[in-house]
Amino acid sequence: MKTKVFLLAIFAGFVLSSNAQEFKSQIGSSKEAGYKTDFKKNKFGDNWFISIAGGASMLLGDQNDNADFANRLNFAPQVSFGKWFSPYLGFRTQLNGGVLHGFQNVQPFMQHNKYIAAHVDLLWDVTNFWGKYDEAKGFRLIPWVGMGYANRFKNQGLARSESPTLNAGLLTAIRLSNRVDLNFEAQGSLLQEHFNRVQEGHTSDGILQLTAGLTFKLGKSNFEVLEPMDYALLNDLNGQINNLRAENQELAKRPKSCPECPEPVAPVVTNNVVDNVVYFRLNSAKVDKNQQINIYNTSEFVKEYGTAVKVIGYADKKTGTSNYNLKLSEKRARAVAKELMDKYGISSDKITIEWKGSDEQPYNENNWNRVVIMRAEK
């Protein structure tokens, strides 16, 4: 009777979990479905988890169908360890074991099959794949498939048996806190027919399990959404620069000798006469191809007027720590200086490198501060 009550409680919890509502939060969320969103690659030590669960299991085998339902139920302990590579794709290793009741000659002889099994699974979080990613999401639905191995120990006069397994199941996760989820899981394992040492027409044996437990998140638990570069803005800025360059070229075509024209005045290069910028992607110090025009313009200005140029790196304030951003802004500044020297032939003694990190923000728009400013000097 106690076993039936326990199983009924597990089934009830599983059904209730499927109707759980999501908690609303804008923290760490994406604007589009997960599969359309770019996420920052986390470190090896991030997004690991460990789960502990227990529930009911049942052996599917020959001569079991006519046995009493309560006698077929067994306690099923379960331990899992795994990692999420993205908000919707992960893997785990799960360990199962305990006792499985089998039957011979229908009812007179009950087997107490002591066994242990392990399988490696591929996890697919469909709520984060098809829906918007939100770290504070209250309910997640995770189907999975896997492969493994099961060993039934020798007992009751029956020889030991082993079998590879094919595994599949459905896992639900209900968020209790930033670090803990409540899980309900239904799964099945397909084994070779000889696993319970009873052969009577079935082509395979199987194990069904229904469990409930807790998952504990280890390391960094969330994923960072990568914001796309505002290429429309960059193209507009580059277009304005190119238009100004074209105007300068037209002015340069005027005749050198023109009696009716005023005497030309040599241009005076003053401090900070030119500010050219190079924008970067989030968490990147790589110079994109569409930013080369600005480096080229700066190099031509330096060559024409013989000025020095100061290369100043920045990082946006809303991403990363102050120390991390300082190092990132240094990498960005050095990357631009390297382009000026290696690609456009500017001498190193004409270049001064500085980096400000995210403590100084030259622009009010946060994304624009992922930038290196090239400033010509007197």
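How each quantity is defined
- Residues numbered from 1 in each chain as written.
- Predicted model: local features only at pLDDT ≥ 70, side-chain atom pairs only at ≥ 80, totals over all residues.
- Heavy atoms only, no water.
- UniProt positions renumbered as here; feature names shortened; annotations may be inferred.
- Core = buried A, V, L, I, M, F, W, Y, C linked by side-chain atoms within 4.5 Å.
- Buried < 20%, exposed > 50% of the residue type's maximum accessible area, 1.4 Å probe, protein only.
- Helix = DSSP H or I, 4+ residues; strand = E, 2+ residues; numbered from the N terminus.
- Contact = heavy atoms within 4.5 Å.
- Polar contact = N/O pair within 3.5 Å; in protein donor to acceptor, adjacent residues only side chain to side chain.
- Expected span 1.5 Å × (residues − 1).
- Patch = residues over 30% accessible without salt bridge, like charges linked within 9 Å, V, L, I, M, F, W, Y side chains within 5 Å.
- Areas by Shrake-Rupley, 256 points an atom, 1.4 Å probe, with all protein chains shown as cover.
- Salt bridge = Lys/Arg side-chain N within 4 Å of Asp/Glu carboxyl O.
- Pairing = 2+ DSSP bridges.
- Axes fitted to C-alpha atoms, helices over the stretch in contact; angles between N-to-C directions.

As recorded in an unreviewed UniProt entry, the chain goes by Outer membrane protein 40 and comes from bioreactor metagenome. Taken directly from UniProt, the Subcellular location (unreviewed entry) text for the chain runs: "Membrane".

1. Description of the nonpolar core
Soluble globular proteins tend to bury their nonpolar side chains together. In terms of nonpolar packing, the biggest core is built from 17 residues, with Val-278, Ile-295, Val-311, Val-336, Leu-340 and Met-374 touching the most fellow members. Elements supplying a minimum of two residues to this core: helix 5 (292-305), strand 12 (308-313), helix 6 (322-342) and strand 14 (371-377). If you tally residues by element for this core, the top one is helix 6, at 5 residues. Setting aside chain neighbours within four positions, we find Val-278 in contact with Val-287, Gln-291, Ile-295, Val-336, Arg-370, Val-371, Val-372 and Met-374.

2. Thoughts on the side chain of Gln-78
Within the element layout of this structure, Gln-78 appears in strand 3 (residues 73-84). Residue classification places Gln-78 among the buried residues on the basis of a relative accessible area of 5%. A distance of 3.4 Å separates a polar atom in the side chain of Gln-78 from a polar atom in the side chain of Gln-209. A distance of 3.4 Å separates polar atoms of two side chains, one belonging to Gln-78 and the other to Thr-211. Sequence-distant contacts of Gln-78, that is, excluding residues within four places in its chain, are made with Ser-51, Ile-52, Ala-53, Gln-94, Leu-95, Asn-96, Glu-185, Gln-187, Gln-209 and Thr-211.

3. Examining helix 5
In a regular helix each residue adds 1.5 Å, so 14 residues correspond to 20 Å; helix 5 covers 20 Å between its end C-alpha atoms and thus fits that length. When we look at burial in helix 5, the residues that qualify are Gln-292, Asn-294, Ile-295, Asn-297, Thr-298, Ser-299, Phe-301 and Val-302. At the C-terminal side of helix 5, Gly-306 shows a positive phi close to 70 degrees.

4. Structural notes on a nonpolar patch on the surface
Together, Ile-50, Ile-52, Val-79, Phe-81, Leu-95, Ile-116, Phe-153, Leu-176, Leu-214, Phe-216 and Leu-218 make up an exposed nonpolar region whose accessible area comes to about 900 Å². Among the secondary structure elements, those contributing two or more residues to the nonpolar patch are strand 2 (48-60), strand 3 and strand 10 (204-218). Tallying contributions element by element places strand 10 first for the nonpolar patch, with 3 residues. Assignment of secondary structure puts Phe-81 in strand 3. Since its relative accessible area comes to 40%, Phe-81 is described here as partly exposed.

5. Concerning the sheet that holds strand 11 (residues 275-279)
Sheet architecture is open: 4 strands sit in the order 11-14-12-13, paired in mixed fashion. Looking at strand neighbours, the two that pair on one side only are strand 11 and strand 13 (351-355), the edges of this open sheet. On average, each strand axis in the sheet is tilted by 20 degrees relative to the strand beside it, whichever way the strands run. Here strand 12 pairs with strand 13 via 5 bridges, running parallel. Among the inter-strand pairings, Gly-313 is bridged to a residue of strand 13, identified as Trp-355. Packed onto the sheet, helix 5 meets strand 11, strand 12 and strand 14 and runs at close to 150 degrees relative to strand 11.

6. Considering unusual backbone geometry
The phi angle at Asn-47 is positive, at roughly 65 degrees, despite the residue not being glycine. Unusually for a residue other than glycine, Asn-283 sits at a positive phi of about 60 degrees. Its location among the elements puts Asn-283 in the loop between strand 11 and helix 5. By relative accessible area, which is 29% here, Asn-283 ends up partly exposed.

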